[in-house]
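Coordinate inspection notes
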Amino acid sequence: MPVYEYNCAACGPFEAIEPMSRCHEPTDCPFCGEQAPRVMLTAPSVSFVSTSVRNGHATNERSADSPKRTSTHGPGCGCCSGGTKRNSKTLHRPDGSKSFPTKRPWMISH
């Protein structure tokens, strides 16, 4: 059953658990017993799951469109990944051709 807010003219605001069928009806004040009308003092909130599950859903929603990154550089970055960038052993010639002097010399380069 939902929790509704009521405002007693004599005692002030209070909350009461009432069935949804009685959502528009006033209820008795638990302090003085007078009829108090229903009011909305705070935004409605309904929670059917535990806090840890709700936090997990919020994290998944956030990561679906904007994943959290620990660095501004991409994966395999030489400065952030902890490793050093390997020097390429490919020989680039001015005409655009490549050769691999330390790799299988009997293979033809593409």
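Summary of the structure given here. (Residues numbered from 1 in each chain as written. Predicted model: local features only at pLDDT ≥ 70, side-chain atom pairs only at ≥ 80, totals over all residues. Heavy atoms only, no water.)

**What to know about the overall build of the protein chain**
Assigned secondary structure in the protein chain consists of one helix and seven strands. Seen in sequence order, the protein chain has helices and strands lined up from the N terminus as β-β-β-β-β-α-β-β. Sequence-distant contacts, at least 24 apart, represent 20% of the contacts inside the protein chain between residues at least 6 apart. In the form shown here, the protein chain has an accessible surface area of approximately 9600 Å², with 56% of it arising from carbon and sulfur atoms. (Helix = DSSP H or I, 4+ residues; strand = E, 2+ residues; numbered from the N terminus. Contact = heavy atoms within 4.5 Å. Areas by Shrake-Rupley, 256 points an atom, 1.4 Å probe, with all protein chains shown as cover.)

**Considerations on the nonpolar core**
Within soluble globular proteins, side chains that are nonpolar generally end up buried alongside one another. Formed by Y4, Y6, C8, F14, A16, C23, C29 and A36, the largest nonpolar core amounts to eight residues. At the level of secondary structure, the elements contributing two or more residues to this core comprise strand 1 (3-8) and strand 2 (12-17). The element best represented in this core is strand 1, accounting for three residues. Those residues in contact with F14 that lie beyond four places of it in its chain are Y4, E5, Y6, C8, T27, D28, C29, P30, F31 and A36. (Core = buried A, V, L, I, M, F, W, Y, C linked by side-chain atoms within 4.5 Å. Buried < 20%, exposed > 50% of the residue type's maximum accessible area, 1.4 Å probe, protein only.)

**Quick look at the environment of G12**
Tracing the backbone shows G12 in strand 2. As for G12 and F31, which are separated by 19 residues in sequence, their C-alpha atoms are 9.8 Å apart. If we ignore the near neighbours within four places in the chain, the residues touching G12 are Y6 and N7.

**A closer look at the side chain of E18**
Take E18: it is sitting in the loop between strand 2 and strand 3 (27-28). Among the polar contacts listed, one links the side chain of E18 to the side chain of R22, at a separation of 3.0 Å. Excluding anything up to four places from it in sequence, E18 contacts M1, P2, Y4, Y6 and T27. (Polar contact = N/O pair within 3.5 Å; in protein donor to acceptor, adjacent residues only side chain to side chain.)

**Structural notes on the sheet that holds strand 2**
Reading across from one edge, 2-1-5 is the order of the three strands in this open sheet, with antiparallel pairing throughout. Each of the sheet's edge strands pairs with one partner strand only, and the pair in question is strand 2 and strand 5 (38-39). Where strand 1 and strand 5 come together, two bridges link them in antiparallel fashion. Bridge pairing in strand 5 links E5 to V39. (Pairing = 2+ DSSP bridges.)

**Focus: the pairing of strand 2**
Bridging between strand 1 and strand 2 involves six bridges; their strand directions are antiparallel. Note that in strand 2 the partner of V3 across the bridge is I17. Here strand 1 hands over to strand 2 after three residues, the two strands then running antiparallel side by side.

**A few points about a nonpolar patch on the surface**
On the surface, a cluster of nonpolar side chains totalling about 360 Å² of accessible area is made up of M1, V3 and I17. As for its placement among the helices and strands, V3 is situated in strand 1. (Patch = residues over 30% accessible without salt bridge, like charges linked within 9 Å, V, L, I, M, F, W, Y side chains within 5 Å. Salt bridge = Lys/Arg side-chain N within 4 Å of Asp/Glu carboxyl O.)

**A look at the side chain of E5**
Structurally, the position occupied by E5 is in strand 1. At 7.5 Å, R38 is the nearest oppositely charged side chain to E5, a buried residue that forms no salt bridge. At 2.7 Å, the side chain of E5 forms a polar contact with the backbone nitrogen of L41. With sequence-adjacent residues up to four places away left out, E5 is seen in contact with F14, E15, P37, R38, V39, M40, L41 and T42. (Lys, Arg positive; Asp, Glu negative; His and termini not counted.)

Shape is all these values report; function is a separate question.
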